[in-house]
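Chains, contacts and geometry: an overview
Each chain is listed here by its residues.
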Amino acid sequence: GQQLNQSPQSMFIQEGEDVSMNCTSSSIFNTWLWYKQDPGEGPVLLIALYKAGELTSNGRLTAQFGITRKDSFLNISASIPSDVGIYFCAGQLIPQGNTPLVFGKGTRLSVIA
Amino acid sequence: NAGVMQNPRHLVRRRGQEARLRCSPMKGHSHVYWYRQLPEEGLKFMVYLQKENIIDESGMPKERFSAEFPKEGPSILRIQQVVRGDSAAYFCASSPLRQGLAKNIQYFGAGTRLSVL
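What counts as what
- Residues numbered from 1 in each chain as written.
- Chains lettered and ligands numbered in written order.
- Predicted model: local features only at pLDDT ≥ 70, side-chain atom pairs only at ≥ 80, totals over all residues.
- Heavy atoms only, no water.
- Helix = DSSP H or I, 4+ residues; strand = E, 2+ residues; numbered from the N terminus.
- Contact = heavy atoms within 4.5 Å.
- Pairing = 2+ DSSP bridges.
- Axes fitted to C-alpha atoms, helices over the stretch in contact; angles between N-to-C directions.
- Salt bridge = Lys/Arg side-chain N within 4 Å of Asp/Glu carboxyl O.
- Buried area = accessible area lost by both parts, 1.4 Å probe.
- Polar contact = N/O pair within 3.5 Å; in protein donor to acceptor, adjacent residues only side chain to side chain.
- Nonpolar A, V, L, I, M, F, W, Y, C, P; charged D, E, K, R; others polar.

**With respect to the environment of B:Val116**
Residues and elements named next belong to chain B. Here Val116 is to be found in strand S11 (residues 112-116). Taking the C-alpha atoms as reference points, Val116 and Gly73, separated by 43 residues in sequence, lie 26 Å from one another. With residues up to four places along the chain from it excluded, the contact list for Val116 reads Arg13, Arg14, Arg15, Val82, Val83, Arg84, Asp86 and Ser87.

And the structure:
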């Protein structure tokens, strides 16, 4: 089955630092999504990417859809304590259909104040 | 506008019992997806349903697991004769019926954490 490789698995950073994480796939996806999950909660959508090469920002978050359609990265600038959580990338095969998401294993972010 | 509602939030069952997990999609959403998350893992797709129809159940175990989304009421994920390996967080997501160029974002509930003793 399809797999998404997400790295790094975990990160410990100082408050104020920038963070970068990425996701790669052996197969092409037509939509890339980044979710954040807090302990005991469900994933919350941060950024959705629909076109190869697309670069999208949401506040301090920036994500890009790779040209090859097989990768995506997420950057967080000037991290703050509430950025702590697990960040998941997810790929979707068909951009305009209702299809299941394929998730990476997550990047666990810890922010040291 | 209420989000995706799942209940119960926590469910404890003994081996061999049945577990019933419920999911009410967001208002106006007609598509429901169930995912399972094991500790330290990402979410894995199980089943995709529309009202009264199973569209894709390629991620469902062949035995003991079933899902439905009746015309009225919530979607139900049912696990019969639970075993310890069924212990996990089960998430439901919903999305609207696509119209025009609207993007089909999946919105997730808070999950049901199943513990099998």
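**What to know about the sheet that holds strand S3 (residues 19-25) of chain A**
Strand pairing in a sheet relies on backbone hydrogen bonds, with the paired strands running either antiparallel or parallel. All names here are of chain A. Sheet architecture is open: five strands sit in the order S1-S3-S8-S7-S6, paired in antiparallel fashion. Each edge of the sheet is formed by a strand with only one pairing partner; in this case those strands are strand S1 (4-7) and strand S6 (55-58). Between one strand axis and the next, the sheet turns by 15° as a mean value, whatever way the strands run. Pairing of S1 with S3, which is carried by four bridges, proceeds in the antiparallel orientation. By the bridge assignment for S3, Ser7 is matched with Asn22.

**Section: the pattern of salt bridges**
Counted under the stated rule, the structure contains nine salt bridges over all chains. Between A:Asp38 and A:Lys36 there is a salt bridge whose closest N-O contact spans 3.2 Å. When salt bridges that share partners are traced, they join A:Lys105, B:Glu41 and B:Lys44 into one network.

**Re the interface of chain B and chain A**
Each partner contributes to the interface: chain B provides 25 residues, whereas chain A provides 21 residues. Taking both partners together, chain B and chain A bury about 1,900 Å²; carbon and sulfur atoms supply 51% of that area. Counting across the interface, chain B meets chain A through three salt bridges. A:Glu41 is the partner of B:Arg9 in a salt bridge, and the nearest nitrogen-oxygen pair spans 3.8 Å. Remark: the boundary between chain B and chain A carries seven residue pairs in polar contact (both at pLDDT 80 or more). When contributions to the side of chain B that touches chain A are tallied by element, the ones reaching two or more residues are strand S4 (29-37), strand S5 (43-50) and strand S9 (88-96) of chain B. In terms of residue count, S4(B) provides more of the side of chain B that touches chain A than any other element does, four residues in total. A class-by-class count of the residues in the side of chain B that touches chain A yields 11 nonpolar, seven polar and seven charged.

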